[in-house]
Amino acid sequence: MSHEQLKKALSETLIPEYEQSVPETAPHEFSPAFEKKMKALIRRREKSYYRFVNTAGKRVACVAGAVLVLSALSVMKADAIKNAFRDFSVQFRNVFSTVRPADPHDAPKTIEEKYVVTYPFDEGYQIDYQYESDTLCSITYRKGDTTVFFDQYTKELFDADVNTEDAEMIPYTVDGREAIFFLDNLGAYHLIWDDGDYILYLLANVDKETFLEIADSIKKAE
Amino acid sequence: MITVFIAALETEYERSLFEQWYLRYRQTMYAVAYGVLHNREDAEDAVHQTFINLAEKYEKAASVPESEMKAFIIVITRNTAINLYRRNKREAEQLTTLEDDSEPVETDFFEQIDYEMLVQTIAALPKKYKDVLFLRFVQELSAKEVAELTGIPAETVRKRTERAKKLLKLSLERSGIIVS
């Protein structure tokens, strides 16, 4: 069905109209909180989490979207899922599920104790990315197509949209606290947990045993 | 808000394009959002949400021609801000009072219309109809993609698109345009 004339008419009418519609204002000085959030978003956007080669051998951008689907291995009713994440508020959405700490208010506003990954990565791994601020510490290890991400957030900053399409949710606790642990539909494990003061997020496309060994190696820096 | 993506980036250019958008358009986006929300914090939230939406639909946004990018971002920002306003005020989406013909309008109809008259009639449409027609027919986004970029429910986008076409057609017919 052709709509070339309609498209042309819409372009020629609306593009100049939109550009002229912007209110004249003095340049806005954005708040420090906004700048911080945007900086983190830009850094996240610029990171390639891991490269996927599809069957045609091309790199693809995989942005998943669908509601959470329960795995046959760990069947949980919807209420049980929501109750399992007592430390988190999880809002299931069409594109991603949004995960926030249930109670961020009493937690430290800055990172005062840093966590580090002490897992003995073999020589093939290199640190691909590292970032530190008052509210976010982030490190990425990479070996070929294998990538391990570890982030530590203040609770106030943490507000993640995570890929839960066809996710296999796995009951898991860290130091007696229920964590969000699942295998996503692209073969990566996600582990998000609350240590009381901070939110910690491990994401890696490794096998489960290795993933849990890496998770166990995460400790406060001495 | 931190958003976690699974993405593969081809080049350094792609890595910095998102940041280019931020540096180039943030003041414009803030002005648009503030024009809707009249609140500094809410306007910043709307700008931030818009960038999150752009990041989620990065491939689509990156395919918008450079000459159309500013207009595209203005439309997305405005609709994100309106959505935020409605969420804050807990207002339901108000559907138009346009009578609902069960027959959808075929876009072929507009190919037979005098071009200048079509342009004038488009210019007279309400903003929300202009926006949806721009996103659906100029940027060729699906209703779902528009929903993901603006926060407007996909079904609302579909209905609004249909109403926009009907209003455009009705306006043309009332102007005495006769389709050959």
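Reading the values: the criteria
- Residues numbered from 1 in each chain as written.
- Chains lettered and ligands numbered in written order.
- Predicted model: local features only at pLDDT ≥ 70, side-chain atom pairs only at ≥ 80, totals over all residues.
- Heavy atoms only, no water.
- Helix = DSSP H or I, 4+ residues; strand = E, 2+ residues; numbered from the N terminus.
- Buried < 20%, exposed > 50% of the residue type's maximum accessible area, 1.4 Å probe, protein only.
- Contact = heavy atoms within 4.5 Å.
- Axes fitted to C-alpha atoms, helices over the stretch in contact; angles between N-to-C directions.
- Parallel < 35°, antiparallel > 145°, perpendicular 65-115°, else oblique.
- Left-handed = near helix turned anticlockwise from the far one by under 90°.
- Nonpolar A, V, L, I, M, F, W, Y, C, P; charged D, E, K, R; others polar.
- Salt bridge = Lys/Arg side-chain N within 4 Å of Asp/Glu carboxyl O.
- Pairing = 2+ DSSP bridges.
- Phe/Tyr/Trp six-rings, centres within 6.5 Å; stacked < 30°, edge-to-face > 60°.
- Lys NZ or Arg CZ within 6 Å of the ring centre and 35° of its normal.
- Patch = residues over 30% accessible without salt bridge, like charges linked within 9 Å, V, L, I, M, F, W, Y side chains within 5 Å.
- Areas by Shrake-Rupley, 256 points an atom, 1.4 Å probe, with all protein chains shown as cover.
- Lys, Arg positive; Asp, Glu negative; His and termini not counted.
- Charge placed at Lys NZ, Arg CZ, Asp CG, Glu CD.
- Core = buried A, V, L, I, M, F, W, Y, C linked by side-chain atoms within 4.5 Å.
- Domains from an automatic or database assignment.

Draft legend 1. View of the overall build of chain A. The secondary structure content of chain A amounts to four helices and 14 strands. Of all 222 residues assigned to chain A, the portion counted as buried reaches 50%. At a minimum sequence separation of 6, the contacts of chain A that also span at least 24 residues come to 56%.

Draft legend 2. The arrangement of the packing of helix 4 (residues 66-89) of chain B against helix 7 (residues 127-138) of chain B in detail. Residues and elements named next belong to chain B. At their nearest, the axes of helix 4 and helix 7 sit 11 Å apart, and the two run at 130° to each other. Relative to helix 7, helix 4 is oriented oblique. Helix 7 is crossed by helix 4, and the crossing has left-handed handedness. Here Glu68, Ala71, Phe72, Val75, Ile76, Arg78 and Asn79 of helix 4 come into contact with helix 7, specifically with Lys127, Asp131, Phe134, Leu135 and Val138. Residues of the contact of helix 4 with helix 7, tallied by class, amount to seven nonpolar, one polar and four charged.

Draft legend 3. Region of the structure containing the pattern of salt bridges. Throughout the structure, instances matching the rule amount to 17 salt bridges over all chains. Put simply, Lys57(B), Lys144(B) and Glu148(B) are held in one network by salt bridges that share partners.

Draft legend 4. Region of the structure containing the sheet that holds strand 4 (residues 126-132) of chain A. With respect to topology, seven strands assemble into an open sheet ordered 4-5-6-13-12-11-8 (chain A), the strand pairing being antiparallel. For this open sheet the edge positions go to strand 4 and strand 8 (168-169) of chain A, each flanked by a neighbour on one side alone.

Draft legend 5. Region of the structure containing unusual backbone geometry. All names here are of chain B. We note that histidine 38 has phi near 50°; this positive angle belongs to a residue other than glycine. Note that histidine 38 resides in the loop between helix 1 (12-37) and helix 2 (40-56). Judged by its relative accessible area of 56%, histidine 38 falls in the exposed class. Although it is not a glycine, glutamate 140 adopts a positive phi angle of roughly 55°.

Draft legend 6. Expanded view of the environment of Thr77(B). All names here are of chain B. Structurally, threonine 77 is set in helix 4. Owing to a relative accessible area of 0%, threonine 77 belongs among the buried residues under this scheme. Considering only alpha carbons, one finds threonine 77 and tyrosine 30, 47 residues apart in sequence, at a separation of 8.4 Å. Discounting chain neighbours no more than four positions away, the residues touching threonine 77 are Met29, Val32, Ala33 and Thr50.

Draft legend 7. Representation of the pairing of strand 5 (residues 136-143) of chain A in the model. All names here are of chain A. Burial within strand 5 is extensive, with seven of its eight residues counted as buried. Pairing analysis gives six bridges linking strand 4 to strand 5, with the strands arranged antiparallel. Bridge assignment links tyrosine 131 to a residue of strand 5, and that residue is serine 138. Turn length for the strand 4-strand 5 hairpin, with the two strands adjacent in sequence and antiparallel, is three residues.

Draft legend 8. Structural view of the side chain of Glu145(B). Among the structural elements, Glu145(B) can be located in helix 8 (residues 143-150). Among all residues touching Glu145(B), those that are not within four sequence positions of it are Lys57(B), Lys60(B) and Glu140(B).

Draft legend 9. Seen up close, the packing of aromatic side chains. As enumerated under the stated definition, the model contains 17 aromatic pairs over all chains in all. Taken together through their ring pairs, the aromatic side chains of Phe30(A), Phe34(A), Phe18(B), Trp21(B), Tyr22(B), Tyr30(B), Tyr34(B), Phe51(B) and Tyr58(B) make up a single cluster. For Lys8(A), the ring lying beneath its charged end belongs to Tyr115(B), and the centroid distance is 4.4 Å.

Draft legend 10. A look at a negative patch on the surface. All names here are of chain A. Taken together, the side chains of Asp207, Glu209, Glu213 and Asp216 present a region of like negative charge at the surface. Examined against the element boundaries, glutamate 213 turns out to sit in helix 4 (residues 208-216). A relative accessible area of 36% means that glutamate 213 is categorised as partly exposed.

Draft legend 11. Molecular detail of the nonpolar core. Among the nonpolar cores identified, the biggest contains 68 residues, and Phe18(B), Trp21(B), Phe51(B), Leu54(B), Phe72(B), Phe134(B) and Leu168(B) are the most heavily contacted of them. Each of domain 1 (12-89) and domain 2 (108-174) of chain B gives at least three residues to this core. Leave out the neighbours within four places in its chain, and Phe72(B) touches Leu54(B), Ala61(B), Val64(B), Phe134(B), Leu135(B), Gln139(B), Leu141(B) and Leu149(B). Counting 28 residues, the second-largest nonpolar core is a separate cluster that includes Val117(A), Leu183(A), Ile214(A) and Ile218(A).

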